[in-house]
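# Coordinate inspection notes
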Number of protein chains: 2
Amino acid sequence: MAAVKYSRQRESIKRYLMGTKAHPTADMVYQGVREEYPNISLGTVYRNLNFLVEQGEALRLTCGDGSEHYDGNVEPHYHLMCRCCHRVLDLEMASLEHINTLAAANFGGTIEAHSVLFFGRCPECKEV
Amino acid sequence: MAAVKYSRQRESIKRYLMGTKAHPTADMVYQGVREEYPNISLGTVYRNLNFLVEQGEALRLTCGDGSEHYDGNVEPHYHLMCRCCHRVLDLEMASLEHINTLAAANFGGTIEAHSVLFFGRCPECKEV
DNA sequence: TCAATATTAGTAACTATTATCAGTATAATT
DNA sequence: AATTATACTGATAATAGTTACTAATATTGA
């Protein structure tokens, strides 16, 4: 039931996400995909971003800046939000899986996952 | 400049936050403080919550569920959001300060802070 | 008591996101 | 190729969370 049909808009959104490391918001995706599909609607972008996240083809990043960010790289990795330019950057760092064990130590429930966001200054803003 | 004046509403909000471990949203604070000040406005709650966070007297927790949560306990500690009942619980666990070092290892910028949120099942929901 | 001004209640405005729906695109079937 | 069924789209309305505005009120220091 609910068979999935191809849509060029969805493909374009997926392609856009795969092709950027900027961790765009829905609106940034909208602006980007409009280059190819000027008539695409913002609702379509939201609908497909949600779809891709559900399918595990994209990640939703909650950065606390008022809007969700999206990442086409679904490999587990961590992010930094620059306090200066407010960009979201990938961090190349070791896995933090062990913190789930630390969290579970004195806890009566179950730890299934974690989300980590670092704050600081990106290499460019550090210079200033 | 901009001297701060006492306000009973602000005190009530602060008292409410201090007296709960429920990590309430602005609206939950509003409902709670209305018991004491039935005429308090939601805008006043938001204004004062922002003020308290700025002053370091409360923490804002971005949990990705659509609204911000607030915590009157400003001692560094970590949280779990239960995937079942969607409550936010305190975790008693070791500090994770060392992950800043891990993040900084291969990074050209500066790591100043991190926010960590765990997901799983609280002790009560685990039983079901 | 009085003046100066920070704060409030009430409401309007704003932003991000979701819902609705008639028309269109896709895909399977004839 | 034509037909049918239905998933998807664009456009727009609706919703939710939060902030901005303003006249009236509360606080504070003189």
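Just so we're clear, the structure is a prediction, and the values are computed from it rather than from any experiment. (Residues numbered from 1 in each chain as written. Chains lettered and ligands numbered in written order. Predicted model: local features only at pLDDT ≥ 70, side-chain atom pairs only at ≥ 80, totals over all residues. Heavy atoms only, no water.)

### Describing the side chain of B:His23
All names here are of chain B. Rules: Numbering goes from the N terminus for both helices and strands, where a helix is a DSSP run of H or I of at least four residues and a strand is a run of E of at least two. Only protein chains enter the area calculation, which uses a 1.4 Å probe; residues under 20% of their type maximum are buried, those over 50% are exposed, and those in between are partly exposed. We define a polar contact as two N or O atoms separated by no more than 3.5 Å, with the added condition that, inside protein, one atom must be a possible hydrogen donor and the other a possible acceptor, whereas residues neighbouring each other in sequence contribute only through side-chain atom pairs. The contact criterion used throughout is that any non-hydrogen atoms of two residues lie within 4.5 Å.
Tracing the backbone shows His23 in the loop between helix H1 (8-18) and helix H2 (26-34). On the accessibility criterion, His23 (2% relative accessible area) is buried. A distance of 3.3 Å separates a polar atom in the side chain of His23 from a polar atom in the side chain of Asp71. A polar contact of 3.3 Å, which involves the side chain of His23, links it to the side chain of His79. When residues no more than four places from it in sequence are discounted, the contact partners of His23 are Leu61, His69, Tyr70, Asp71, His79, Val88, Leu89 and Asp90.

### Observations regarding the protein's contact with DNA strand D
Keep this limit in mind: The near set for a molecule or strand comprises every residue that places at least one heavy atom within 4 Å of it. Polar here means any residue other than Ala, Val, Leu, Ile, Met, Phe, Trp, Tyr, Cys and Pro, which are nonpolar, and Asp, Glu, Lys and Arg, which are charged; Gly is therefore polar.
Looking at DNA strand D, there are 21 residues lining it, with A:Lys5, A:Ser7, A:Thr44, A:Arg47 and B:Tyr46 nearest. Of all atoms in DNA strand D that approach within 4 Å of the protein, 80% are sugar or phosphate atoms. A:Asn48 places a polar side-chain atom, nitrogen or oxygen, 3.4 Å from a phosphate oxygen of DNA strand D. Here a phosphate oxygen of DNA strand D sits 3.4 Å away from a polar atom, N or O, in the main chain of B:Tyr6. At the level of elements, helix H1 (8-18) and helix H3 (42-54) of chain A together with helix H3 (42-54) of chain B are the ones that each hand at least two residues to the surface near DNA strand D. Grouping the amino acids of the surface near DNA strand D by side-chain chemistry returns six nonpolar, nine polar and six charged.

### Some points on the protein's contact with DNA strand C
As a matter of local geometry, DNA strand C sits amid 21 residues, with A:Tyr46, B:Lys5, B:Ser7, B:Thr44 and B:Arg47 nearest to it. When atoms of DNA strand C within 4 Å of the protein are split into backbone and base, the sugar-phosphate part holds 81%. In this structure, A:Glu68 approaches DNA strand C through a main-chain N or O atom, which is 3.0 Å from a phosphate oxygen. Contact distances for DNA strand C include 2.8 Å between a phosphate oxygen and a side-chain N or O atom of B:Arg10. Taken together, the residues that form the surface near DNA strand C break down as six nonpolar, nine polar and six charged.

### Points about the nonpolar core
What counts, and what does not: By convention a nonpolar core is built from buried Ala, Val, Leu, Ile, Met, Phe, Trp, Tyr and Cys residues, the set being connected through side-chain atoms within 4.5 Å.
Residues A:Phe118 and B:Phe118 are the most contacted members of the largest nonpolar core, which totals 30 residues. For this core, the secondary structure elements donating two or more residues are strand E3 (78-82), strand E4 (88-91), helix H4 (98-104) and strand E5 (110-121) of chain A together with strand E3 (78-82), strand E4 (88-91), helix H4 (98-104) and strand E5 (110-121) of chain B. In terms of nonpolar packing, the next biggest core, distinct from the first, is built from 13 residues, B:Val33, B:Ile40, B:Leu52 and B:Ala58 among them.

### Points about the relation of the copies chain B and chain A
We count it as follows: The superposition of copies rests on a least-squares fit of C-alpha positions from residues with pLDDT of 70 or more in both.
For the pair chain B and chain A, the best superposition has an RMSD of 0.0 Å and corresponds to a rotation of 180° with a translation of 0.0 Å parallel to the axis. What the rotation and shift describe, once combined, is the action of a two-fold rotation axis. For chain B, the residue whose C-alpha comes nearest the rotation axis is B:Val116, separated from it by 2.3 Å. A high fraction, 100%, of the interface residues of chain B reappear at the interface in chain A, so the copies pair face to face through one surface.

### A word on the packing of helix H2 (residues 26-33) of chain A against H3(A)
In a pair of packed helices, the angle between the axes and the distance between the axes together describe the arrangement. Residues and elements named next belong to chain A. Filter applied, for reference: Interaxial angles span 0 to 180 degrees and are taken between N-to-C directions of axes, which are lines fitted to C-alpha atoms, for helices over the stretch in contact. Each crossing gets its hand from how the near helix is turned against the far one by less than a right angle, where anticlockwise is left-handed and clockwise is right-handed.
Their axes nearest at 9 Å, the elements H2 and H3 cross at an angle of 115°. In this structure, H2 crosses over H3, and the sense of that crossing is right-handed. Mapping the contact onto sequence places Ala26, Asp27, Val29 and Tyr30 in H2 and Leu42, Val45, Tyr46 and Leu49 in H3. A class-by-class count of the residues in the contact of H2 with H3 yields seven nonpolar, no polar and one charged.

### What about the domain arrangement of chain A?
Residues and elements named next belong to chain A. As a reminder, the rule being used: What fixes the domain bounds is an automatic or database domain assignment. A simple way to read buried area is as the amount of 1.4 Å-probe accessible surface that goes missing from two parts once joined, with both sides added. A carboxyl oxygen of Asp or Glu within 4 Å of a side-chain nitrogen of Lys or Arg is what we treat as a salt bridge.
We note that the domain assignment places domain 1 (8-74) and domain 2 (76-128) within chain A. The distance between the C-alpha centroids of domain 1 and domain 2 comes to 22 Å. Carbon and sulfur atoms make up 59% of the surface buried where domain 1 meets domain 2, a total of about 690 Å² over both sides. Linking domain 1 with domain 2 are zero salt bridges, by the criterion used here. Taken together, the elements giving at least two residues each to the side of domain 1 that touches domain 2 come down to strand E1 (59-61) and strand E2 (69-71).

### What about the pattern of salt bridges?
For the structure on display, the rule yields 10 salt bridges over all chains. Residue A:Glu124 is joined to A:Arg87 by a salt bridge in which the shortest nitrogen-to-oxygen separation is 3.6 Å. Of this pair, A:Glu124 sits in helix H5 (residues 123-127) while A:Arg87 is found in the loop between E3 and E4, placing the two residues 37 residues apart along the sequence. The exposed category is assigned to A:Glu124, whose relative accessible area is 55%. Residue A:Arg87 is classed as partly exposed on the basis of its relative accessible area, which comes to 37%. Residue A:Glu112 is joined to B:Arg83 by a salt bridge in which the shortest nitrogen-to-oxygen separation is 2.6 Å. With A:Glu112 in strand E5 and B:Arg83 in the loop between E3 and E4, the pair connects residues from two separate chains. Here the salt bridges do not stand alone but share partners, grouping A:Glu11, A:Lys14 and A:Glu57 into one network.

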